[in-house]
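So you can see what is in the structure, the chains are spelled out below.
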Amino acid sequence: MVSRVIPVQPFDLVVFGGTGDLARRKILPALFRRFCAGQMDGGARVIGAARGEMDGAAYRAFTRDAISEFGGDPVEMEAHLSAFLEQLDYVALDANGDDGWDDLVGRLDDGDRIRAFYFSVGPSLFGPLATRLYDHGLASPRCRIVVEKPFGRDRSSAQKLNAVLAQHFDETQIYRIDHYLGKETVQNLMAIRFANTLFEPLWNSQYVDHIQITVAESGGVGTRGGYYDKSGAMRDMVQNHIMQLLCLTAMEPPAKYDPDSVRDEKLKVIRALDPVEPEGVVRGQYEGTDTLPGYRNEVENRDTTTESFVALKARISNWRWAGTPFYLRTGKRLRARASEIAVVFKDAPHSIFGSDSGRHRNILTIRLQPNEGIEMGVTIKEPGPGGMRLVDVPLDMTFSEALGPQSEYVPDAYERLIMDVIRGDQTLFMRGDEVEAAWAWVDPIIERWDVAGTQPALYSTGSSGPDDALALIHRDGRRWREIRP
Ligand code: NAP
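The text that follows walks through the structure, step by step, so that each part is easy to find. (Residues numbered from 1 in each chain as written. Predicted model: local features only at pLDDT ≥ 70, side-chain atom pairs only at ≥ 80, totals over all residues. Heavy atoms only, no water.)

1. Observations concerning the site of the ligand
Point 1. Within the structure, the ligand sits among 22 residues, and Thr 19, Asp 21, Arg 25, Ala 95 and Val 121 are positioned closest to it.
Point 2. Between Arg 25 and the ligand, the recorded distance is 2.4 Å, taken from a side-chain N or O atom to an oxygen atom.
Point 3. Here a nitrogen atom of the ligand sits 2.8 Å away from a polar atom, N or O, in the side chain of Asp 94.
Point 4. Contact with the protein chains covers 76% of the free accessible surface of the ligand, which is 890 Å².
Point 5. Tallied by class, residues from the shell around the ligand come to nine nonpolar, seven polar and six charged. (Near = heavy atom within 4 Å. Polar contact = N/O pair within 3.5 Å; in protein donor to acceptor, adjacent residues only side chain to side chain. Areas by Shrake-Rupley, 256 points an atom, 1.4 Å probe, with all protein chains shown as cover. Nonpolar A, V, L, I, M, F, W, Y, C, P; charged D, E, K, R; others polar.)

2. A short note on the sheet that holds strand S6 (residues 174-176)
Point 1. Read across the open sheet, the six strands follow the order S3-S2-S1-S4-S5-S6; overall the sheet is parallel. Strand pairing shows two members of the sheet lacking a second neighbour, strand S3 (88-92) and S6, which therefore form its edges. Going across the sheet, the axis of each strand differs from the next one's by a mean of 20°, ignoring polarity.
Point 2. For strand S1 (residues 11-16) and strand S4 (residues 114-119), the ladder comprises six bridges, and the chain directions are parallel. Considered in S4, the bridge of Phe 11 is made with Ile 114.
Point 3. The sheet strands contacting helix H1 (residues 21-36) are S1, strand S2 (44-50), S3 and S4, and the helix crosses S1 at an angle near 170°.
Point 4. Docked against the sheet, helix H2 (residues 56-69) engages S2 and S3, running at close to 120° with respect to S3. (Pairing = 2+ DSSP bridges. Helix = DSSP H or I, 4+ residues; strand = E, 2+ residues; numbered from the N terminus. Axes fitted to C-alpha atoms, helices over the stretch in contact; angles between N-to-C directions. Contact = heavy atoms within 4.5 Å.)

3. Comments concerning the side chain of Glu 148
Point 1. Of note, Glu 148 is situated in the loop between strand S5 (144-147) and helix H6 (155-168).
Point 2. Within the buried core, Glu 148 has no salt-bridge partner, and the shortest N-O distance to an opposite charge, that of Lys 149, equals 7.2 Å.
Point 3. Side-chain polar atoms of Glu 148 contact the side chain of Tyr 118, separated by 2.7 Å.
Point 4. Reaching out from Glu 148, the side chain makes a polar contact with the side chain of Tyr 414 at a distance of 3.5 Å.
Point 5. The residues touching Glu 148, leaving out its near neighbours within four places in the chain, are Leu 22, Tyr 118, Phe 119, Ser 120, Phe 126, Ile 177 and Tyr 414. (Buried < 20%, exposed > 50% of the residue type's maximum accessible area, 1.4 Å probe, protein only. Lys, Arg positive; Asp, Glu negative; His and termini not counted. Salt bridge = Lys/Arg side-chain N within 4 Å of Asp/Glu carboxyl O.)

4. Comments concerning the sheet that holds strand S9 (residues 309-314)
Point 1. Here nine strands make up an open sheet; going across it, the order is S14-S13-S12-S11-S7-S10-S9-S8-S15 and the pairing mixed. Since the sheet does not close on itself, it has two edges, and those belong to strand S14 (390-398) and strand S15 (457-459), each with one partner. In this sheet, adjacent strand axes meet at a mean angle of 20° when their direction is disregarded.
Point 2. Pairing of strand S12 (residues 363-369) with strand S13 (residues 373-381), which is carried by five bridges, proceeds in the antiparallel orientation.

5. As for the packing of helix H9 (residues 232-250) against helix H10 (residues 259-271)
Relative placement of two packed helices is described by the angle separating their axes and the distance separating the axes.
Point 1. At a closest axis distance of 9 Å, the pairing of H9 and H10 adopts a crossing angle of 105°. Considering their axes alone, H9 and H10 lie roughly perpendicular with respect to each other. Contacts from Met 243, Gln 244, Cys 247, Leu 248 and Ala 250 in H9 reach Lys 266, Val 269 and Ile 270 in H10. (Parallel < 35°, antiparallel > 145°, perpendicular 65-115°, else oblique.)

6. Quick word on helix H14 (residues 432-452)
Point 1. With 21 residues, H14 extends 30 Å between its outermost C-alpha atoms, agreeing within 8% with the 30 Å of an ideal straight helix rising 1.5 Å per residue.
Point 2. One or two residues past the end of H14 sits Gly 453, with phi positive at roughly 65°. (Expected span 1.5 Å × (residues − 1).)

7. A look at the pairing of strand S11 (residues 338-345)
Two faces belong to every sheet, and in a regular strand the side chains alternate between them.
Point 1. With respect to burial, S11 is a largely interior element, eight of its eight residues being buried.
Point 2. Both faces of S11 are covered, namely the face carrying Ala 338, Glu 340, Ala 342 and Val 344 and the face carrying Ser 339, Ile 341, Val 343 and Phe 345.
Point 3. Two strands pair when backbone bridges link them, and strand S7 (residues 208-216) and S11 are joined in this way by eight bridges, in the antiparallel orientation. Each bridged residue has a counterpart across the sheet, and for Ile 211 the counterpart in S11 is Val 343.
Point 4. By the bridge criterion, six bridges tie S11 to S12 in an arrangement that is antiparallel.

8. Quick word on H6
Residues that lie three or four places apart on an α-helix share one face, since the helix turns once every 3.6 residues.
Point 1. Compared with the 20 Å implied by 1.5 Å per residue over 14 residues, the 21 Å span of H6 between its first and last C-alpha is a close match.
Point 2. Listed as buried for H6 are Ala 158, Leu 161, Asn 162, Leu 165 and His 168. End-on view of H6: buried residues confined to an arc of 125°, all on one side of the axis. In H6, the exposed positions angled more than 90 degrees off the buried face are occupied by Lys 160, Ala 166 and Gln 167.
Point 3. Along its buried surface, H6 packs onto helix H5 (126-135), S5, S6 and H14. (Arc of directions from axis to C-beta.)

9. Describing empty space enclosed by the protein
With a probe scaled to a water molecule rolled over the atoms, the places where space remains empty come into view.
Point 1. A full pass over the atoms with the stated rule returns two cavities of 30 Å³ or more.
Point 2. There is about 60 Å³ of room inside the largest cavity.
Point 3. Taken together, Val 147, Glu 148, Lys 149, Pro 150, Phe 151, Arg 176, Ile 177, Gln 239, Asn 240, Met 430, Val 435 and Trp 439 form the lining of the largest cavity.
Point 4. Taken as a whole, the second largest cavity spans an internal volume of roughly 40 Å³.
Point 5. Elements supplying a minimum of two residues to the lining of the second largest cavity: H9 and strand S10 (326-331).
Point 6. If one sorts the elements of the lining of the second largest cavity by residue count, H9 sits on top with three residues.
Point 7. The class makeup of the residues in the lining of the second largest cavity is three nonpolar, three polar and three charged. (1 Å grid on protein atoms, 1.4 Å probe; cavity = no way out; pocket = protein on both sides within 12 Å on 5 of 7 lines; lining within 4 Å. Points joined across faces, edges and corners; volume = space filled by probe spheres on them.)

10. Observations regarding a nonpolar patch on the surface
Point 1. Taken together, the side chains of Ile 352, Phe 353 and Met 388 present a nonpolar region at the surface, about 310 Å² in accessible area.
Point 2. Within the secondary structure layout, Met 388 lies in the loop between S13 and S14. (Patch = residues over 30% accessible without salt bridge, like charges linked within 9 Å, V, L, I, M, F, W, Y side chains within 5 Å.)

11. Observations concerning the packing of H5 against H6
Point 1. At a minimum axis distance of 9 Å, the contact between H5 and H6 shows a crossing angle of 10°. Classified by the angle between their axes, H5 and H6 sit roughly parallel to one another. Residue-level inspection shows Phe 126, Gly 127, Ala 130, Thr 131 and Tyr 134 of H5 in contact with H6, the latter providing Leu 161, Val 164, Leu 165 and His 168.
Point 2. Taken together, the residues that form the contact of H5 with H6 break down as six nonpolar, three polar and no charged.

Here you go:
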């Protein structure tokens, strides 16, 4: 298999927050890998911007360290790192003041290059940055802005932020990032559904019993406790990442693979979601072990009721999905780091093999991590004598095995998404109305928790979450899939 890399047009990318954790771990290494792949051959300039005083040489040293720590293949580094670093520069500026802005304006090419501004700073700075870009004449119609998550903390704040951005930028210039959409498997979910005739006729409540979406992490909040405790699993995971996975799984086929066709269909799914009943949602908090602190000991507020786990049952009221529940769960300090979408098909209408053959179901599993890939569970006869014994086996399509050595390298989501910004393709970014609609579904759940003041259910580190979450699905005569590494 030959990989096709088409260089993007020359561009200038300003990374506000260019010295922060996200820039260090994700953005700069992603840019380096695209550079190595030849995608930035058209000529690119990357300017880090933050308040800290440093010159271009110091920023290049910072980037060199970041790349060697997070994603530098030694062979690629030897071959390409120096050339990549030559494209980097740094400007000290304050998003909340006027310091440094003239310097930035002076450094930006006013030629015909594509210009993108990546807002990799705390969310309170998204609005001020948009305003300062405008005030300094940088918000030209041809530029793009990339806005990190979280996009608001409820519908009202998301609306306000959308309004501020809309004062200076057209919706076609705003790239709200959800890195889950940049994952290869997530895009493959659309390919599986819409490029094969096999699945789509079965992709509805007539054939699908239920769908499970799991995003499980084995680690705790660690050093992110301060941020996480103000957010919780519902805001940090469900409103954005899990909602996006739900939308792509449930949406109608868009007429075209273009930004608005895809996003229109996703929005329809969100709008068709029923409100979640109190008994349809469970929240939890992990307990510590002999060696690891519990959630409450990892955050400042020892009485916190913020959830590190959520499980819920969602229903989509439309023709395709009426009667097929979507069970969603996410949490920290669970048994393993494992994320997947499992489409569980209904039992065969009649078993010709008798009751001894047991219960068998086809399950299509889309694995997001680890080992991105797709697996179809089918039932076959167990080989050998002894009558008609049935056994479930996986038809496994781990990308690296199915597509050969060239595909062993699965690009990080940020690589794909940053190049999409430069290409001007918004398909894998969230539109403003989509984000607001997602908050509108999530807000009442959070408000109910706040009003009731109840405590989250405790669960053991290394478990599958609180017992109440098991009960949530057992009540319906179903069970969660095992969380496996
Ligand atoms: P961080 O480590 O705290 O870095 C913040 C960056 O912003 C630093 O470079 C900081 O440098 C700069 N900054 C702060 N105040 C500034 C100001 N007034 N003007 C200009 N620059 C300023 O944060 P992060 O973890 O990188 O997160 C950045 C954004 O990405 C946040 O919105 C976060 O929610 C989102 N995000 C992060 C991750 C992650 O894994 N880290 C994942 C998903 C989303 P100075 O202090 O020198 O100014």
